[in-house]
Amino acid sequence: MESSIYQYPDVFRRAHLESPGEIPAEVVFLQQVWKRHRKRPVRRILDIACGDSPHGRLLAGNGDGFEVVGIDRSPAMIAAGRRKAKAIANLRFYRRPIEKFTLPERPFDAAICMSETFPVIVENSRLLSHLKSVGRALKRGGLYCIDIDRQDPVARVSRRMMWRERTVRAAGIALDIREFNRPVAWHSPLHSIYELECTINFPAGAVTTRDLIPVRYTLPCTLELAALASGMFKMVAAYCDLSFTKPLAKCRYRWTGVLRRV
């Protein structure tokens, strides 16, 4: 079995072309969303599919009184998060699947699902189970902010096809990356299947990873419908490219759905 890029927390974000200033900008935007859409201050935050929780580290470590709990299914990511947050007392981690979970925690004021992870929940039953799990973890009136890539630029294909090749560096290590698109059936809820192949050139020897990432086609209207179907949420806003003023029609990269717990 081939390794997964998610077993290597120190390099996986660069494989996904995350820029150095991206996460701080997202954290600032999230705080603005909370102030705009919640009457009471947000203090307790649930970071879903957190990885090593860079958002949580910024929030919990900024001295503003935020308390963050991160959940992720990957033991490598949870271990990396705990190691990086060792000096941050108000950031905790649990290993949990995001489709269905409970936590030994009191309710949260807000939840976030960043890094375009939400569309990997493909089946309707798992999507509704996820929303119900998040809803049960939130206070009434709590907000759930979901980060989603604009998906229409990805071409549908009838066979596995190379999309692009590139080389990036992370933690002083070169990653040779090859990306492929795979075909999906016409009746599938998937928009695409993204294949990510990385050769990580460690000093002790190269390691090749391969990940198949299903991507459900997710639009503001379909997120609104899922929120209503869950019985837990109402969609209150959709913003594009970390802007409160840019119309959705002019979205370039990704959008943020804001759900309120009913």
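This is a predicted model, so every value here is computed, not measured.

Asks: Quick one: what's the story with the overall build of the chain, residue by residue and with numbers?
Replies: A count of helices and strands for the chain gives 6 helices and 11 strands. Considering only C-alpha atoms, the chain reaches an extent of 50 × 45 × 35 Å along its principal axes. Counting over 262 residues, the chain shows a buried share of 51%. Considering only contacts in the chain between residues 6 or more positions apart, those separated by 24 or more positions represent 66%.

Asks: An account of the pairing of strand β1 (residues 44-48) is requested, with residue identities and associated values reported.
Replies: Of all 5 residues in β1, 5 are buried, a share of seventy percent or more. Across the two faces of β1 the burial is the same, with Arg44, Leu46 and Ile48 and Ile45 and Asp47 all buried. Between the parallel pair β1 and strand β2 (residues 67-72), the chain is carried across by helix α3 (residues 54-60), and the sense of this crossover is right-handed. Here β1 runs beside strand β4 (residues 108-113); their pairing, made up of 4 bridges, is parallel. In the strand pairing of β4, Ile45 is matched with Ala110.

Asks: Let's hear about the packing of aromatic side chains: which residues, and what values?
Replies: Applying the stated criterion across every chain, the model contains 8 aromatic pairs. When the centroid spacing of 6.0 Å and the interplanar angle of 40° are considered together, the rings of Tyr144 and Phe233 count as tilted. In this pair, Tyr144 sits in strand β5 (residues 138-149) while Phe233 sits in strand β10 (residues 233-240), placing the two residues 89 residues apart along the sequence. The buried category is assigned to Tyr144, whose relative accessible area is 0%.

Asks: Give a description of the side chain of Asp72 that names residues and reports values.
Replies: When you line up the elements, Asp72 lands in strand β2. One buried charged side chain, Asp72, makes no salt bridge at all; its nearest oppositely charged neighbour is Arg73, positioned 6.3 Å away. Apart from residues no more than four positions distant in its own chain, Asp72 is found in contact with Ala49, Cys50, Gly51, Met77, Ile78, Tyr94, Arg95 and Arg96.

Asks: Give me the lowdown on helix α6 (residues 220-230), citing residues and values where you can.
Replies: If you check which residues of α6 are buried, you get Leu223, Ala226, Ala227 and Ser230. Each buried residue of α6 sits inside an arc of 100° when the element is viewed along its axis, so together they form one side. Set apart from the buried face of α6 by more than 90 degrees, the exposed residues are Leu225, Leu228 and Ala229. Elements in contact with the buried residues of α6: α5 (124-137), β5, β10 and β11 (254-261). A positive backbone phi angle near 75° is found at Gly231, which sits one or two residues after α6.

Cut-off values and rules
- Residues numbered from 1 in each chain as written.
- Predicted model: local features only at pLDDT ≥ 70, side-chain atom pairs only at ≥ 80, totals over all residues.
- Heavy atoms only, no water.
- Helix = DSSP H or I, 4+ residues; strand = E, 2+ residues; numbered from the N terminus.
- Buried < 20%, exposed > 50% of the residue type's maximum accessible area, 1.4 Å probe, protein only.
- Contact = heavy atoms within 4.5 Å.
- Right-handed = clockwise from strand over helix to strand, strands pointing away.
- Pairing = 2+ DSSP bridges.
- Phe/Tyr/Trp six-rings, centres within 6.5 Å; stacked < 30°, edge-to-face > 60°.
- Lys, Arg positive; Asp, Glu negative; His and termini not counted.
- Salt bridge = Lys/Arg side-chain N within 4 Å of Asp/Glu carboxyl O.
- Arc of directions from axis to C-beta.

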